[in-house]
Amino acid sequence: MVPTLDAAAIKRRAPATLKALRKAVEEDGFLVVENTAISKARVLEVIAAYRAFFRLPEVAKAAVDMAQTGGNRGWGASGSEQVDPDANPDYKQVFDCGFELTEADPVRAAGLSVYADNLWPEAPDTFQPTVQAYYRDALEVCLSLLQGIAAAIGEPDGYFDAAFSRPMALLRGNYYPERPAWATDKDFGIAAHTDYGCLTLLATDGVPGLEAQTRDGDWVPVQAAPGAFIINFGEMLEIWTAGRVRATPHRVIGTSQERISVPMFFNPNHDTNVAPIGSGEVVQAGDHLKKRFDETYLHLQAG
């Protein structure tokens, strides 16, 4: 069973909550948090913004189609990603936006795809400001949770802080339509995978569909009402903590209901070495993330 923890108790480092958090990150790889700085109303607002965008005619969404840019900002049509090469391309639409460097940032000259400029649709007219405001709030919640995780595994609160001054943080809106009648056992909303980065903060509309894999190989449902957040961890954090934090496989098969989820993939600066500290190894965060993106987005594979 996925534990539910109070974000405020994590923030004040309540001993019992930190003990439960340590078990969640080391053994389960998934948890639900309530009582964050993001209200239920804000979650419903951003979900409504994504829903309005996904309901636009395809020609309107195609104006910000990431497949035409060689990057991963903007709209991705159904079938534009394939997280599992043994499954069919994922049956969902997405909209991605990420951290943008200032014009004066010297890293901008490198033209790194992990810091690409965002693409915004002309309509709905409230879409961009709503998503950008949510993005800023989600960054703060993610960092606060990561500080709590550092404390839970016995490290200083600021153990990870310096690595998030220009995070490769990607906010996504996922639209999972009803599972079609023609779907086979190789068709998923998103096939089994582990996330690529550090911490994922997932808001949902409350419709079930997400499943996580236990250490015994069983698939268990993971659900949270709007205003609560599902938290899971990615490959980089597992590497960085020498396996103390678990990246857990998960999937969405799809149901008879459409579903919208909003994950914030909270990833460190591109030049962060996420190899275990003291190991003498180098695993550059930007290289790892770019490699995994190139393996997932079909238009980047074609390029």
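Just above, that's the structure.
Along each chain, numbering runs from 1 in the same order as the chain's sequence is written. Residues qualify for local features only when their pLDDT is at least 70, as the model is predicted, and side-chain atom pairs are given and counted only at 80 or more; totals for whole chains, interfaces and linings, by contrast, use all residues. Excluded from the side-chain calculations are hydrogens and water; all other atoms, namely the structure's heavy atoms, are used.

Undergrad: Now, about the sheet that holds strand E6 (residues 190–193): what can you tell me, with residues and values included?
TA: The strand order across the open sheet built from four strands is E6-E11-E8-E9, with neighbouring strands paired in antiparallel fashion. Of all strands in the sheet, those bounded by a partner on one side alone are E6 and strand E9 (219–221). Mean inter-strand twist for the sheet, computed between neighbouring axes without regard to direction, equals 25°. A strand pair is defined by DSSP finding two or more bridges across the two strands. Numbering goes from the N terminus for both helices and strands, where a helix is a DSSP run of H or I of at least four residues and a strand is a run of E of at least two. In terms of strand pairing, E6 meets strand E11 (residues 250–252) through two bridges, oriented antiparallel. Note that in E11 the partner of Ile190 across the bridge is Val252. Axis definition: a line fit to C-alpha positions, over the contact stretch in the case of helices; interaxial angles, taken between N-to-C directions, run 0 to 180 degrees.

Undergrad: How would you sum up the packing of aromatic side chains? Please name residues and give values.
TA: Aromatic rings from Phe, Tyr and Trp, with only the six-membered ring used for Trp, were paired whenever their centres fell within 6.5 Å, and each pair was classed as stacked if the ring planes differed by under 30 degrees, edge-to-face if by over 60, and tilted otherwise. Summed over all chains, the structure comprises 17 aromatic pairs. Every member of this aromatic cluster is reached through a ring pair, and the members are Tyr50, Phe53, Phe54, Phe95, Trp120, Phe127 and Tyr175. Cation placement over rings: the criterion is NZ of Lys or CZ of Arg within 6 Å of the ring centroid and within 35° of the ring normal. The side chain of Arg251 reaches across the aromatic face of Trp219, ending 4.1 Å from its centre.

Undergrad: Break down empty space enclosed by the protein for me, with residues and values.
TA: Take a probe with the size of a water molecule and roll it over the atoms, and the empty space left behind shows itself. Buried and open spaces are told apart on a 1 Å grid over the protein atoms alone, a cavity being a set of points where a 1.4 Å probe fits but cannot get out and a pocket being an open set with protein on both sides within 12 Å along at least five of seven lines. Residues with an atom within 4 Å of a point are the lining residues. Grid points are joined across faces, edges and corners, and a volume is the space filled by probe spheres set on the points. Enumeration over the complete set of coordinates arrives at four cavities of 30 Å³ or more. Within this model, the largest cavity holds a volume of roughly 390 Å³. Around the largest cavity, the lining comprises 31 residues; the ones closest to its centre are Arg172, Ile190, His193, Asp195 and Phe265. Listed by contribution, the elements that provide at least two residues to the lining of the largest cavity are strand E5 (170–176), E6, strand E7 (199–204), E11, strand E12 (259–266) and helix H7 (285–296). Broken down by class, the residue content of the lining of the largest cavity amounts to 15 nonpolar, eleven polar and five charged. Nonpolar residues are Ala, Val, Leu, Ile, Met, Phe, Trp, Tyr, Cys and Pro. Charged residues are Asp, Glu, Lys and Arg, and all others, Gly as well, are polar.

Undergrad: Which residues make up the side chain of His270, and what are the values?
TA: Mapping His270 onto the fold places it in the loop between E12 and H7. Exposure categories follow from relative accessible area, calculated using a 1.4 Å probe and restricted to protein chains: below 20% of the type maximum is buried, above 50% is exposed, and the middle band is partly exposed. Judged by relative accessible area, which is 14%, His270 ranks as buried. By definition in these notes, contact holds between two residues if any of their heavy atoms fall within 4.5 Å. With residues near it in sequence (within four places) discarded, His270 still touches Val107, Leu112, Val114, Tyr115, Arg166, Met168, Gln284, Ala285 and Gly286.

Undergrad: Account for the pattern of salt bridges, naming residues and giving values.
TA: For this analysis, a salt bridge means a side-chain nitrogen from Lys or Arg found within 4 Å of a carboxyl oxygen belonging to Asp or Glu. Applying the stated criterion across every chain yields a total of 21 salt bridges. For Arg172, the salt bridge identified is with Asp96, shortest N-O distance 2.7 Å. In this pair, Arg172 sits in strand E5 while Asp96 sits in strand E4 (residues 93–98), placing the two residues 76 residues apart along the sequence. With a relative accessible area of 0%, Asp96 lands in the buried category.

Undergrad: Would you mind going over the pairing of strand E10 (residues 229–233) in detail, with residue names and values included?
TA: Across a regular strand the side chains alternate sides, sitting on one face of the sheet and then on the other. Within E10, five of the five residues are buried, leaving the element largely enclosed by the surrounding structure. Taking every second residue as pointing to the same face, both faces of E10 are buried, with Phe229, Ile231 and Phe233 on one and Ile230 and Asn232 on the other. When E7 meets E10, the two strands line up antiparallel, connected through four bridges. Among the inter-strand pairings, Thr200 is bridged to a residue of E10, identified as Asn232.

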